[in-house]
Amino acid sequence: MVNQWIRSLVRYGIRTGLVEEGDEAWAINRVLEVMGLDEYEELRQEETEPRELVEILDALCDAALETGALTEDSVAYRDLFDTKLMGALTPRPSEIRAKFQALLQRSPKAATDWFYQFAQDVNYIRKDRIAKDVKWIAPTQYGDLDITINLSKPEKDPKAIAAAKLMPQSSYPKCMLCRENEGYAGRVDHPARQNHRVVPVTINGSDWFFQYSPYVYYNEHCIMFNGLHTPMKIEPATFRKMLDFVKQFPHYFVGSNADLPIVGGSILAHDHFQGGHYTFAMEKAPVETKLRFPGFDTVEAGIVKWPMSVIRLRSREDGPLIDLAVKILDAWRSYTDEESFIFAETDGEPHNTITPIARMRDGKLELDLVLRNNITTEEHPLGVYHPHEELHHIKKENIGLIEVMGLAVLPARLKDELAVLADAVVNDTDLKADPRTAKHARWAEELKTRHAFTAENAMDILKQEVGQVFSKVLEHAGVYKRDQQGKVWFLRFIERIGGMDEE
């Protein structure tokens, strides 16, 4: 039976273009080596029907457990093993680079279309897991926000955690983004990457690399990372790099997490951007207050109608656009306004930074500069401009680039909690009696005053109300609030750097 699954995997490789027809025997031998087998019985063509990749890999992992090639039956160990299987069929990095560069000569979109499909074909992007994510659209006053309950990242494996504690500490690769991950066999505390490939890109004269995210929070979710393991830093070169990238790949946007804790991303140790082929709600949001900056007549500027504090700049020329972005960044880094509770630093610790996003739109270059501040207080120990405690039942984690643009990445616990909560509000059961609903009790009781819940509508109502909570999460993360006083304080900062309201 194992021969059938080996052949199915190799035929999959041939169908997807990972393996040439004439290399079938070689590919079978590669898989046999991974499986710890030294014999193979040729099967007649009609004995094997095309099967889904996840079914093939699951069957081969089961077979490897029986032979001892796979020693533990857990998610972490099966992931290490099935990635090794796919690595046996994955072309060399030089072949992928050559193919990408050849397609790039045809068009940037042709190159990215092929590379994105390749990342799925080799199972680097695990489509079966991505499909488990719960997603919906929530209409709000700021537009339609994307809501995702993230189920694609596997839960922590107790066996792997225990094994990792006994392993010697390793600093190779230095982080999950380093180029050295390409082809790495992995460990129980570091994912296998035999099926991972990256392609080089030059932006602003420096060597970077391009890959796709294995978790794909949105269409063609890609990552660009510095060839050097160097920390995140928002600086003038950041804007030049981002605009250079969107000029080379005009169908993609690109953005950077902020470079400070709390308001930054999960990997601050390695300079990187994220991008993709997707239109977020923030991009659709209009400018509500037009601004003018003397000396930058070729740059359109304005404050965006968005729950966070966003300055949008547009121009056909990148020079003035970059110069004005740098002026805003430099001013914000050092800006203190005690009345609006903006402090550039306290006790020598810097607080102000920017989350920048770049795109091409209607033939013009566009930058969205999101003002961020990571100050904490006794009342708000996780951050003043961070979701406050009353919203933690839905979202407690940091608000990074993806959330800033309008896509909520919510914890897996909410899938079960919302289902139980929907049943509880319909049947009027004690919300505080179940730990899964207790944290939502105050919120749910308020919802019951505004909605007539039934078995048919309860989940739909809860989903839409989760969207409203997420819009409040973004409001909390905004340094200037969405009221008249907040606007006055926002314009005070604009005036500090020589800008003015056109109205």
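Structure: above.
Residues numbered from 1 in each chain as written. Predicted model: local features only at pLDDT ≥ 70, side-chain atom pairs only at ≥ 80, totals over all residues. Heavy atoms only, no water.

Brief notes about the side chain of N352
Part 1 of the argument: Along the polypeptide, N352 turns up in strand β13 (residues 352-361).
Part 2 of the argument: Exposure remark for N352: the relative accessible area of 1% places this residue in the buried category.
Part 3 of the argument: Among the polar contacts listed, one links the side chain of N352 to the side chain of N373, at a separation of 2.6 Å.
Part 4 of the argument: The contact partners of N352, leaving out residues within four places of it in the chain, are L260, W332, R333, Y335, I342, F343, A344, R372 and N373. (Helix = DSSP H or I, 4+ residues; strand = E, 2+ residues; numbered from the N terminus. Buried < 20%, exposed > 50% of the residue type's maximum accessible area, 1.4 Å probe, protein only. Polar contact = N/O pair within 3.5 Å; in protein donor to acceptor, adjacent residues only side chain to side chain. Contact = heavy atoms within 4.5 Å.)

Topic: the state of the cysteines
Part 1 of the argument: Within this structure, the stated rule accounts for zero disulfides.
Part 2 of the argument: Here C178 is not disulfide-linked; the sulfur of C175 is the nearest cysteine sulfur, at 3.7 Å.
Part 3 of the argument: The exposure class assigned to C178 is buried, which follows from its relative accessible area of 5%.
Part 4 of the argument: Of the cysteine sulfurs around C222, a residue in no disulfide, the closest is that of C175, at 17 Å. (Disulfide = S-S within 2.5 Å.)

Structural notes on the sheet that holds strand β1 (residues 134-140)
Part 1 of the argument: Across the sheet, which stays open at both edges, the three strands sit in the order β1-β2-β15 with mixed pairing between neighbours. Strand pairing shows two members of the sheet lacking a second neighbour, β1 and β15 (407-410), which therefore form its edges. Adjacent strand axes in the sheet meet at a mean angle of 25 degrees when their direction is disregarded.
Part 2 of the argument: Summarising the sheet, β1 and strand β2 (residues 143-149) pair through seven bridges and their orientation is antiparallel. Each residue of the ladder has a partner; that of P139, found in β2, is D144.
Part 3 of the argument: Across the face of the sheet, helix α13 (residues 413-427) comes into contact with β1, β2 and β15 while running at roughly 105 degrees to β2. (Pairing = 2+ DSSP bridges. Axes fitted to C-alpha atoms, helices over the stretch in contact; angles between N-to-C directions.)

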